[in-house]
Amino acid sequence: MNKNLNHSKYGDITMANHPTINPLTRMDYPDPDVIRVGDTYYLVSTTMYFFPGCEILRSHDLVNWEHCAYVYDRLDSTDAQRLAGKENAYGQGMWAASLRYHNGRFYVVFVANDTHKTYLYTADSVTGPWKKSEIKGFYHDNSLLFDDDGRVYIVYGNREIYLTELDENLTGPKEGGLHRLVVKDIDENYLGYEGSHIYKINGKYYIFFIHILKSTGRRTESCFVADSLEGEFVGKDVFDDDNGYHNSGIAQGGIVDTPSGKWYSILFQDSGAVGRIPYLIPVEFRDVFPVYGVSETSKNTVSTIGAYLPEDFEIEDLKPGYSYAPLYGSDDFKESENKASFGFKSFWQFNHEPELSLVEHDTEEGFLKITTGKISSNLVQARNTLSQRTLMPCCSGKVILDGSSLNDGDYAGLSLLQSSYGFIGLKKESGRLYIVMCSREINVPGIWGERKDDEAPNELASIALDEVSPGASSIRLRADVDFTDMKDTVRFSYAAVGSDTFTALGPEKKLYFKLDHFTGARFGLFAYSTKTFGGAAKFMNFQYN
């Protein structure tokens, strides 16, 4: 992408200070790449194993964001992507996409770490339809560059960063084209350079990276500059700040200019079990290198290079008064969005590719019905779990569950979905329904977790449904989540249908972000069978607070 630092004014621009700018979404939107087309900014983020996938957000001020589009409904429909049998794509799937706009066309490139392929999607409109193809090769954390001379390049890698010229149709490397190692990180770092983002600005080539130094143990943003793609790239760290939050650095993402010529970067911060949260940082180009944030701070933050995130700063609102749709929300299941998430509201995504023949969305009566289609050992094997992101610092979800069509050995309910998950729901045993609170603890040391989980969860509390509500087959379920200062806990409770008096069930559950799933904890509506499949659960009136 080519940019010049001097711009003519684009329409009417409102300048404003926003003391509550950061964090941007307060939700799990990692690996951001951002562009501007006219008066609209677009941001793409990693969605991994959730479908539909490759979500693009939209903004007119870089602070407020709303859903714009999903790039695909399905990817390759492999057994792992469909949760067939005991296969899964946790911690894999689509990540770290490059988003570009060139000559009236949108481009999205990303790899999937389960298929080991590089995918290219193109569209004349950001809302699609998107055309799928593949680029021969595997380009980790890649970024596209459309150069002035019509040539196209891709930069990618981990620790060793390569630049490769692509053929004119973007099907693979150009025969005889440029291919070179441009940057190599030192071996002592915990994480070598990755998360590449390449730009051409005022005739110079810029590549931005993330890495983690052993001396600090936190994510740090770096930038390398060259006069030509054949020349030497010279670089340094340009942003190193945790914003006073657990030595968790803010890094990896793209930069974008405003119509008046101001520059901003959107990077993300590891924020515990809620996931990885984007931040907006002002950037200035002084001489050659970009200068992030401010050089002085009164906050309790850390930096080895004197670059800090300011508490508030000036932004440009390109559409003053624009009303943004929220990225999360309640649902009575009486509305359908045909172009959103398989007919559901756009904030819903399925855990892995759904089998829609087992999912009923009745917009007249207002319910979601999930029928089981296989035997599962636990929640993470359950197909057709409908999920949405949780919100920091605190949030809660409530839903009505009808278990009248469950079979013996079936579980259904409201979960906090991650590898170390917890849920409250109904279990049917010997013809009787029980309200249960279940938990799964991953005992593998460190952050790696356990992607191939085949164990049943621990049942920590149980009470017969007819003791709570005689003759009933339905119950209200609630999950209250607290991410304050990385407390990362959830407490489950229940109430009779028609009652607002909830009773806690089971102990407080600790949540963890681990690399086995590599995503933040999500609310999930689920059903699975441990004995005989074909049972069904019906969900109504999901409330997000």
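Described below are features of the structure shown in this document. (Residues numbered from 1 in each chain as written. Predicted model: local features only at pLDDT ≥ 70, side-chain atom pairs only at ≥ 80, totals over all residues. Heavy atoms only, no water.)

Quick look at the overall build of the protein chain
Right, on to step 1. Summing up its helical and strand segments, the protein chain has one helix and 39 strands in all.
Right, on to step 2. In terms of overall dimensions, the protein chain is globule-like: its C-alpha atoms have a radius of gyration of 24 Å, near the 24 Å expected for 545 residues.
Right, on to step 3. Overall size of the protein chain, expressed as C-alpha extent along the three principal axes, is 75 × 55 × 50 Å.
Right, on to step 4. The buried share of the protein chain, taken over its 545 residues, is 62%.
Right, on to step 5. Restricting to contacts in the protein chain with at least 6 residues of sequence separation, those with at least 24 account for 62%.
Right, on to step 6. Taken as a whole, the protein chain presents about 20300 Å² of accessible surface, with 45% of it coming from carbon and sulfur.
Right, on to step 7. Of the side chains in the protein chain, 54 bear a positive and 75 a negative charge, and the two mean positions are spaced by 2 Å. (Helix = DSSP H or I, 4+ residues; strand = E, 2+ residues; numbered from the N terminus. Rg over C-alpha atoms; globule rule 2.2 N^0.38 Å. Buried < 20%, exposed > 50% of the residue type's maximum accessible area, 1.4 Å probe, protein only. Contact = heavy atoms within 4.5 Å. Areas by Shrake-Rupley, 256 points an atom, 1.4 Å probe, with all protein chains shown as cover. Lys, Arg positive; Asp, Glu negative; His and termini not counted. Charge placed at Lys NZ, Arg CZ, Asp CG, Glu CD.)

Examining unusual backbone geometry
Negative phi is the rule for most residues except glycine; trans is the rule for most peptide bonds.
Right, on to step 1. Between asparagine 22 and proline 23 the backbone carries a cis peptide bond, its omega angle lying at -5 degrees.
Right, on to step 2. Secondary-structure assignment places proline 23 in the loop between β2 (14–17) and β3 (33–37).
Right, on to step 3. Of note, the amide linkage connecting glycine 128 to proline 129 takes the cis form, showing an omega dihedral of 5 degrees.
Right, on to step 4. Phi is positive for aspartate 141, which is not a glycine, with a value near 45 degrees.
Right, on to step 5. As for its position among the elements, aspartate 141 is in the loop between β11 (131–135) and β12 (143–146).
Right, on to step 6. Aspartate 141 gets classed as buried once you look at its relative accessible area, which sits at 5%.
Right, on to step 7. Even without a glycine there, the phi angle at asparagine 243 is positive, about 55 degrees.

Quick word on the nonpolar core
Right, on to step 1. Counting residues in hydrophobic clusters, the biggest one holds 110 residues, and the most contacted among them are Ile56, Val108, Phe110 and Leu280.
Right, on to step 2. At six residues, the largest contribution of residues to this core is made by strand β22 (residues 276–285).
Right, on to step 3. The contact partners of phenylalanine 110, leaving out residues within four places of it in the chain, are Cys54, Tyr72, Leu75, Met94, Trp95, Ala97, Lys117, Thr118, Tyr119, Tyr121 and Asn142.
Right, on to step 4. Among the nonpolar cores identified, the runner-up in size contains 25 residues, and Phe50, Leu417, Tyr421 and Val436 belong to it. (Core = buried A, V, L, I, M, F, W, Y, C linked by side-chain atoms within 4.5 Å.)

Structural notes on the sheet that holds strand β7 (residues 66–72)
Backbone hydrogen bonds are what pair the strands of a sheet, in a parallel or an antiparallel way.
Right, on to step 1. Taken together, four strands build an open sheet; the order of strands is β3-β4-β6-β7 and the sheet is antiparallel. Where the open sheet ends on each side, the last strands, each with one partner, are β3 and β7. Within this sheet the neighbouring strands show an average axis-to-axis angle of 25 degrees, counted without direction.
Right, on to step 2. As judged from the five bridges shared by β3 and strand β4 (residues 40–44), these two strands associate in the antiparallel manner. For valine 37, the partnering residue across the bridge sits in β4 and is threonine 40. (Pairing = 2+ DSSP bridges. Axes fitted to C-alpha atoms, helices over the stretch in contact; angles between N-to-C directions.)

Some points on the pattern of salt bridges
Right, on to step 1. Tallied over the entire structure, the rule returns 37 salt bridges.
Right, on to step 2. Across the salt bridge formed by arginine 440 and aspartate 453, the nearest N and O atoms sit 3.0 Å from each other. Linking arginine 440 in the loop between β32 (432–439) and β33 (458–464) with aspartate 453 in the loop between β32 and β33, this pair joins segments that are 13 residues apart in sequence. The burial state of arginine 440 is the same as that of aspartate 453; both residues are buried.
Right, on to step 3. Linking glutamate 508 and lysine 487 is a salt bridge whose minimum nitrogen-to-oxygen distance equals 4.0 Å. You can see glutamate 508 sitting in the loop between β36 (503–504) and β37 (509–510) and its partner lysine 487 sitting in the loop between β34 (474–482) and β35 (489–495), a full 21 residues away along the chain.
Right, on to step 4. By relative accessible area, glutamate 508 is classed as partly exposed at 39%.
Right, on to step 5. Here lysine 487 falls in the partly exposed class, since its relative accessible area comes to 37%.
Right, on to step 6. In this structure, a network of salt bridges that share partners links the residues Asp76, Lys117, Lys132 and Glu134. (Salt bridge = Lys/Arg side-chain N within 4 Å of Asp/Glu carboxyl O.)

Some thoughts on the side chain of threonine 115
Right, on to step 1. With respect to the helices, strands and loops of the structure, threonine 115 is situated in the loop between β9 (105–112) and β10 (117–123).
Right, on to step 2. Apart from the residues within four sequence positions on either side, threonine 115 is in contact with Asp76, Thr78 and Gln81.

Some thoughts on the pairing of strand β39 (residues 536–544)
Right, on to step 1. Bridge count for strand β27 (residues 367–371) against β39 is four bridges, and the pairing is antiparallel. Bridge assignment links threonine 371 to a residue of β39, and that residue is alanine 536.
Right, on to step 2. One ladder, built from five bridges, connects strand β29 (residues 394–402) with β39; its direction is antiparallel. The residue of β39 that forms the bridge with glycine 397 is tyrosine 544.

Here's the deal with the side chain of histidine 140
Right, on to step 1. Position of histidine 140 among the secondary structure elements: in the loop between β11 and β12.
Right, on to step 2. Polar contacts involving the side chain of histidine 140 include one to the side chain of glutamate 194, which spans 3.0 Å.
Right, on to step 3. Each residue touching histidine 140, except ones within four places of it in the same chain, is listed here: Trp95, Val111, Tyr156, Gly157, Asn158 and Glu194. (Polar contact = N/O pair within 3.5 Å; in protein donor to acceptor, adjacent residues only side chain to side chain.)

Remarks on the packing of aromatic side chains
Right, on to step 1. Applying the stated criterion to the full structure yields 39 aromatic pairs.
Right, on to step 2. Centre to centre, the rings of tyrosine 139 and tyrosine 156 are 4.7 Å apart; their planes meet at 85 degrees, and the pair counts as edge-to-face. Note that tyrosine 139 is positioned in the loop between β11 and β12 and tyrosine 156 in strand β13 (residues 152–158), a separation of 17 residues in sequence.
Right, on to step 3. Between phenylalanine 333 and tryptophan 348, the ring centres sit 6.1 Å apart and the planes meet at 25 degrees, which makes this aromatic pair stacked. Taken as a pair, phenylalanine 333 in the loop between β24 (314–317) and β25 (349–351) and tryptophan 348 in the loop between β24 and β25 lie far apart in primary sequence, 15 residues in all. Of the two residues examined, phenylalanine 333 and tryptophan 348, each falls in the buried class.
Right, on to step 4. Through successive ring pairs, a cluster of aromatic residues spans Tyr328, Phe333, Phe342, Phe344, Phe347, Trp348, Phe350, Phe523, Phe542 and Tyr544.
Right, on to step 5. One cation-aromatic arrangement involves lysine 510 over tyrosine 512; the distance from NZ or CZ to the ring centre is 6.0 Å. (Phe/Tyr/Trp six-rings, centres within 6.5 Å; stacked < 30°, edge-to-face > 60°. Lys NZ or Arg CZ within 6 Å of the ring centre and 35° of its normal.)

A closer look at the sheet that holds strand β31 (residues 422–429)
Right, on to step 1. Reading across from one edge, β5-β25-β28-β38-β30-β31-β32-β33 is the order of the eight strands in this open sheet, with antiparallel pairing throughout. Taken across any chain shown, the strands that pair with only one partner, and hence form the sheet edges, are β5 (50–51) and β33.
Right, on to step 2. For strand β28 (residues 386–389) and strand β38 (residues 522–529), the ladder comprises four bridges, and the chain directions are antiparallel. Paired with arginine 389 across the two strands is arginine 522, which belongs to β38.

As for the environment of phenylalanine 285
Right, on to step 1. Inspection of the secondary structure assignment puts phenylalanine 285 in strand β22.
Right, on to step 2. As a C-alpha pair, phenylalanine 285 and isoleucine 201 span 84 residues in sequence and 9.9 Å in three-dimensional space.

A word on the environment of alanine 80
Right, on to step 1. Along the chain, alanine 80 turns up in the loop between β7 and β8 (94–102).
Right, on to step 2. Residue alanine 80 is classed as buried on the basis of its relative accessible area of 14%.
Right, on to step 3. Along the primary structure alanine 80 and tyrosine 90 are separated by 10 residues, whereas in three dimensions their C-alpha atoms are 8.6 Å apart.
Right, on to step 4. With near-sequence residues (within four places) excluded, alanine 80 lies in contact with Glu87, Asn88, Ala89 and His352.

Honestly, it's all geometry; don't read function into it.
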